[in-house]
Amino acid sequence: MRKVLILGAILPITAVAQVIDTFENGVNIGSWSFGTGGGGIVNTGGNPGAYWREGQIDSFAPQARTEWGSSSPFVGDYRGNGVSQISVDFQLYHVDFSAAERPLTLLLVEDNGTPNDFDDDWGAFVKHTEFVPQVGEGWKSFTFDFDSNSAILPTGWLTVPFGPNSPQNPDWNSLITDVDQLRFFWGDPELFYIFQMFDIGMDNVAINAVPEPGTLAALGVGMAVLLLRRRL
Ligand SMILES: [Ca+2]
Ligand SMILES: [Ca+2]
């Protein structure tokens, strides 16, 4: 009886809070696009159902991004909101030459407090171990796990300046407590690529929060104590 009560008390605390953009009913929760102005929601063929399709992306590296200055739930104070995971599904329908061996990169952008001045913007990014999908591969899912409570740039992450006035020593803490834009960058931001036309689909963009590790550890200790007491 006591065991049931314990589990009942823990489950709500460890539940994952999630915002997921499935694009159903014509709703683009996250203000997503690839920035061409030509994208839109298609009602069938997604993973499943509706999805975001942008067919005329002329770019060296397509970048699905939250609209600049939007109130997208995919930006803001990641640390305060306990964000620990971001995931997305992509499909590649067409590319002129090749999209082979491009990692999918999660890129978080900081406007440095000046949203109208792009010369001092910068970002922090982490490359997924999986490459972007190829034509004919169908929908491919990507999940990025990270610690927004880390006081320093997490292992595997790098920073990138976007203008001549970007800070010399970019502050991870100012970024992770006030993310201004989320981008999924189709490639390695440190490499150069040729311009090509891409036709891409996107679905199930999700941002997840779980309790801080300290909270889980405290619960673990509590469970151990309770189990010990039961045995005694
Ligand atoms: Ca969908
Ligand atoms: Ca700025």
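The rules behind each value
- Residues numbered from 1 in each chain as written.
- Chains lettered and ligands numbered in written order.
- Predicted model: local features only at pLDDT ≥ 70, side-chain atom pairs only at ≥ 80, totals over all residues.
- Helix = DSSP H or I, 4+ residues; strand = E, 2+ residues; numbered from the N terminus.
- Contact = placed C-beta atoms within 7 Å.
- Core = buried A, V, L, I, M, F, W, Y, C linked by C-beta atoms within 7 Å.
- Buried ≥ 20, exposed ≤ 12 C-beta atoms within 10 Å, placed from the backbone.
- Pairing = 2+ DSSP bridges.
- pLDDT = per-residue confidence, 0-100.

**Brief notes about the overall build of the protein**
Item 1. Of the regular secondary structure elements, the protein holds three helices and twelve strands.
Item 2. Long-range pairs, those at least 24 residues apart, make up 79% of the contacts in the protein with a sequence separation of at least 6.

**Structural notes on the nonpolar core**
Item 1. Counting 38 residues, the largest nonpolar core has Val179, Ile200 and Met202 as its most contacted members.
Item 2. Put simply, the parts of the chain that give this core at least two residues each are β4 (49–59), β6 (83–95), β7 (103–110), α2 (172–176), β11 (181–186) and β12 (196–209).
Item 3. Here the element with the most residues in this core is β6; it accounts for six residues.
Item 4. Every residue in contact with Val179, bar those within four places of it in the chain, is listed here: Val75, Gly76, Tyr78 and Leu108.

**So, the environment of Val109**
Item 1. By the element assignment, Val109 lies in strand β7.
Item 2. In sequence terms Val109 and Ala124 are 15 residues apart; their C-alpha atoms lie 6.7 Å from each other.
Item 3. With sequence-adjacent residues up to four places away left out, Val109 is seen in contact with Asp121, Gly123, Asp180, Gln181 and Arg183.

**So, the pairing of strand β8 (residues 122–131)**
Item 1. In terms of strand pairing, β7 meets β8 through seven bridges, oriented antiparallel. Paired with Glu110 across the two strands is Trp122, which belongs to β8.
Item 2. Relative to strand β10 (residues 158–161), β8 runs antiparallel, the two being bridged by four bridges. Its bridge partner lying in β10, Trp122 is registered against Pro161.

**As for unusual backbone geometry**
Item 1. The omega torsion of the bond from Asn47 to Pro48 falls at -5°, within 30 degrees of zero and hence cis.
Item 2. Looking at the element boundaries, Pro48 is found in the loop between β3 (40–46) and β4.
Item 3. Its identity as a non-glycine residue notwithstanding, Asn112 has a phi of 60°, on the positive side.
Item 4. Looking at where Asn112 falls in the secondary structure, it is placed in the loop between β7 and β8.
Item 5. On the neighbour-count criterion, Asn112 (22 C-beta atoms within 10 Å) is buried.

**Topic: the pairing of strand β5 (residues 63–66)**
Item 1. Pairing geometry for strand β2 (residues 32–33) and β5, over two bridges, is antiparallel. Within β5, the residue paired with Trp32 across the bridge is Thr66.
Item 2. The sheet contact formed by β5 and β11 spans three bridges and is antiparallel. Of the residues in β11, the one forming a bridge with Arg65 is Arg183.

**Structural notes on the confidence of the model for the protein**
Item 1. Here the protein shows a mean pLDDT of 88. Residues at 70 or above account for 83%.
Item 2. Below pLDDT 50 for its whole length, residues 1–15 participates in six contacts with residues either more than four positions away or in separate chains.
Item 3. In this model residues 216–232 is a low-confidence stretch, pLDDT under 50, and it forms five contacts with partners more than four residues away in sequence or in other chains.

**Topic: the sheet that holds β8**
Item 1. Strand order in the open sheet formed by six strands is β2-β5-β11-β7-β8-β10, with antiparallel pairing between adjacent strands. Each of the sheet's edge strands pairs with one partner strand only, and the pair in question is β2 and β10.

**Quick notes on the environment of Val126**
Item 1. With respect to the secondary-structure elements, Val126 resides in strand β8.
Item 2. On a C-alpha basis, the gap between Val126 and Phe146 in space is 9.4 Å, while along the polypeptide they are 20 residues apart.

**Comments concerning the environment of Ala99**
Item 1. On the secondary structure map, Ala99 appears in the loop between β6 and β7.
Item 2. Separated by 32 residues in the primary sequence, Ala99 and Phe131 place their C-alpha atoms 9.0 Å from one another.

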